[in-house]
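# Secondary and tertiary structure notes
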Amino acid sequence: MTFSSLLKGMWKVISLYWKDLLGSGIAFTLLLALIAVIGGVIIGTLFAVGRMSKLKVLRGLIVAIVEVVRGTPALLQLYVGYFFVPAFFPAMNSLDPTLMAFICVAVALTINSGAYVSEIIRSGIEAVDKGQTEAARSLGLSGKDAMLDIVLPQAVKNILPALGNEFITIIKETSLASTFFVGELMTKYKNIVGVTYDSVSTLMVVGIIYFILDFALSKGMKTLERSMKAHA
Amino acid sequence: MLEIKNLYKNFGSLKVLKGVSTSIEKGEVVSIIGASGSGKSTMLRCMNLLETPTFGEVWMEGKLLTPVDPYLHPEVIKASNTFKALTAQGMDENAAIAKIKAEDLLQEKHNKEGKEYKALMDKIYKENFIDIDHARRKMGMVFQQFNLFNNKTVLQNIMYAPVKTGIEELKKAKNYNKETKAKLIADSKERAEALLKRIGLADKANVYPSTLSGGQKQRIAIVRALAMNPDVMLFDEPTSALDPEMIGEVLDVMKELAKEGMTMVIVTHEMGFAREVSDRVLFVDNGNIAEEGNPEEVFSKPKDAHLKDFLSKVL
């Protein structure tokens, strides 16, 4: 295959399938990533708070969940979500199969991202110098006040950039969801190739789209980081 | 004013303090000197419970900051089952107390020492304890690394604690409304500005700490503590992280404070300064106070061999 025939193939894929397939694929990919990251931030915050709790059982449980998520492949976790979520909520079986798969995958990705985000938040808090807390406590403020007014505002500066990276990672990981044909970008790749048999051109197009999404996001995060640094 | 009784502090298997006792009087300036790792900073940090002592008690203005240490209260020992068992064997009361103290025989876990013992411990605690956050409001602390709040401007650094604790007091007195809050903030601001003016940094009120020199940071850290109107100020090696040319400006602020009659406890390596401002100098060695006295005695006629050695190295 020559370079020009590759370009031609790519152009064909874009012009024929942009409207029906690729556009909605991008939308689904972004939606899935957004759900996973927002849900992940909520779960991750709860986990991070839980890990600072005095209850040993709670701390142990959270550490166990985080370690299991970090120590097993994401694809395996998606399979587990795909089979387990409907088992726990039988009502879901009456849903449209694609919607059901989407929900299952979204749940699994959210828990996956929650585990990583909880580590990001924890390390962000730990990276704030202990002296900051000590200074606040030495002035007679409670541990809660020191955390909310002094430590967390500083931790956010450590957390936000890492959270951006997590978002970027999750966008790439959504491609695993194509195993269950949930309609995101990689599913569309399979759909298109099923018709055209032109995997190379389609892969290139899809790859470029992923790259543009992540590159734009990473640039955006850099700008945000710089503006935060300029502030303090 | 501030008293530590038989303080022990272990970090794991490392024994840092080994039964330190001293009492700081009102208006007194006490310097704590000693080699690195001797336990002098730990001793200071135990005074406001930034480190929790393993054994022993800390008292501030007649109030107990730590849990009750049974070994410091003969009547508590007498109420214990261990004491009763020993005297039942025919041992003399004083001998039994001495033996229990020396061999650390009290077993507090699972109420092994009986109800009477527990009730007495609770009674002493309830009669004397003070909430640590409230106690700390009367003890200013200055750190080696300054520890200014990086996310707040200089003025906010100084105003933060007075406003926050002031609001808490107002709420407690059921006197919290828009006017009292506005007055509190205005008063705190006025005081913060006056303090900044006093150290000649009024023009830095609205900048962030990252733009300041070490000497400026430390002077601001001192007035931040002063903004709470403390009864005693604790200094943990306040000049050790400074460039040599900035040490003077910080020591000057401290000297002025001492002149005004502030009660101060200072952990320091600045021997000249300790000699000049202190009423009393403590030499800490290997987790104990090896020698104490007025600066003249300690610096000119040291008795302890380690102190002599230490002074010959630093002077």
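Residues numbered from 1 in each chain as written. Chains lettered and ligands numbered in written order. Predicted model: local features only at pLDDT ≥ 70, side-chain atom pairs only at ≥ 80, totals over all residues. Heavy atoms only, no water.

A count of helices and strands for chain B gives 13 helices and 10 strands. By its C-alpha atoms, chain B is 75 × 60 × 30 Å across when sized along the principal axes. The 315 residues of chain B split such that 51% are buried. For chain B, the exposed area adds up to about 14900 Å²; of that, 50% sits on carbon and sulfur atoms. Charged side chains in chain B number 45 positive and 45 negative. The centres of these two groups are separated by 5 Å. (Helix = DSSP H or I, 4+ residues; strand = E, 2+ residues; numbered from the N terminus. Buried < 20%, exposed > 50% of the residue type's maximum accessible area, 1.4 Å probe, protein only. Areas by Shrake-Rupley, 256 points an atom, 1.4 Å probe, with all protein chains shown as cover. Lys, Arg positive; Asp, Glu negative; His and termini not counted. Charge placed at Lys NZ, Arg CZ, Asp CG, Glu CD.)

All names here are of chain B. As enumerated under the stated definition, the model contains 29 salt bridges over all chains in all. A salt bridge links D122 to K118; its shortest N-O distance comes to 3.5 Å. Of the two residues, D122 and K118 both sit in helix α5 (residues 114-128), four residues apart, roughly one turn of that helix. One salt bridge in this structure joins K255 and E276, with 3.7 Å as the shortest N-O distance. With a gap of 21 residues between them, K255 in helix α10 (residues 244-259) and E276 in helix α11 (residues 271-277) connect regions that are remote in the sequence. (Salt bridge = Lys/Arg side-chain N within 4 Å of Asp/Glu carboxyl O.)

A few words now on the pairing of strand β8 (residues 263-267) of chain B. Residues and elements named next belong to chain B. Counting buried residues along β8, five of its five residues qualify, which places the element largely inside the surrounding structure. A two-sided burial pattern is seen for β8, the buried positions comprising T263, V265 and V267 on one face and M264 and I266 on the other. Where strand β3 (residues 29-33) meets β8, four bridges bridge the pair, whose relative direction is parallel. For S31, the partnering residue across the bridge sits in β8 and is I266. Where strand β7 (residues 232-236) lies against β8, five bridges are found, and the strand directions are parallel. Looking across to β8, one finds that F235 is bridged to I266. One crossover worth recording links β7 to the parallel β8 by way of α10, and it is right-handed. (Pairing = 2+ DSSP bridges. Right-handed = clockwise from strand over helix to strand, strands pointing away.)

Our focus in this paragraph is the environment of M141 of chain B. Take M141 of chain B: it is sitting in strand β6 (residues 139-142). Dropping the residues within four chain positions of it, M141 of chain B is found in contact with S138 of chain A together with L44, R45, N48, L50, A225, L234 and D236 of chain B. (Contact = heavy atoms within 4.5 Å.)

Right, let's talk about the side chain of T66 of chain B for a bit. Residue and element names in this part refer to chain B. Structurally, T66 can be placed in the loop between β5 (63-64) and α2 (74-78). A distance of 3.2 Å separates a polar side-chain atom of T66 from the backbone nitrogen of V58. Once you skip the residues sitting within four places of it in the chain, T66 turns out to touch L49, P53, G56, E57, V58 and Y125. (Polar contact = N/O pair within 3.5 Å; in protein donor to acceptor, adjacent residues only side chain to side chain.)

Here we take up the side chain of E237 of chain B. All names here are of chain B. Turning to its location among the elements, E237 is positioned in the loop between β7 and α10. In this structure E237 comes out as buried when scored by relative accessible area, which is 11%. Separated by 2.9 Å, the side chains of E237 and S240 make a polar contact. Once residues within four sequence positions are removed from consideration, E237 is found in contact with K40, S41, Q144, V267 and H269.

What follows concerns the environment of K78 of chain B. All names here are of chain B. The residue K78 is located in helix α2 in this model. Taking C-alpha positions, K78 is 7.6 Å from I97, a pair spaced 19 residues apart along the chain. Those residues in contact with K78 that sit more than four places away from it in its chain are F83, K84, E93 and I97.

This part covers the packing of aromatic side chains. Both the distance between ring centres and the angle between the ring planes are used here to describe each pair of aromatic rings. Counted under the stated rule, the structure contains 11 aromatic pairs over all chains. The residue whose ring lies beneath K171 of chain B is Y176 of chain B, and the NZ or CZ to ring-centre distance is 5.0 Å. (Phe/Tyr/Trp six-rings, centres within 6.5 Å; stacked < 30°, edge-to-face > 60°. Lys NZ or Arg CZ within 6 Å of the ring centre and 35° of its normal.)

Let us now look at helix α1 (residues 40-47) of chain B. All names here are of chain B. The element α1 is extensively covered by neighbouring structure, given that eight of its eight residues are classed as buried. Of the residues making up α1, those classed as buried are K40, S41, T42, M43, L44, R45, C46 and M47. Note on α1: the residue one or two positions beyond its end, L49, has a positive phi of about 65°.

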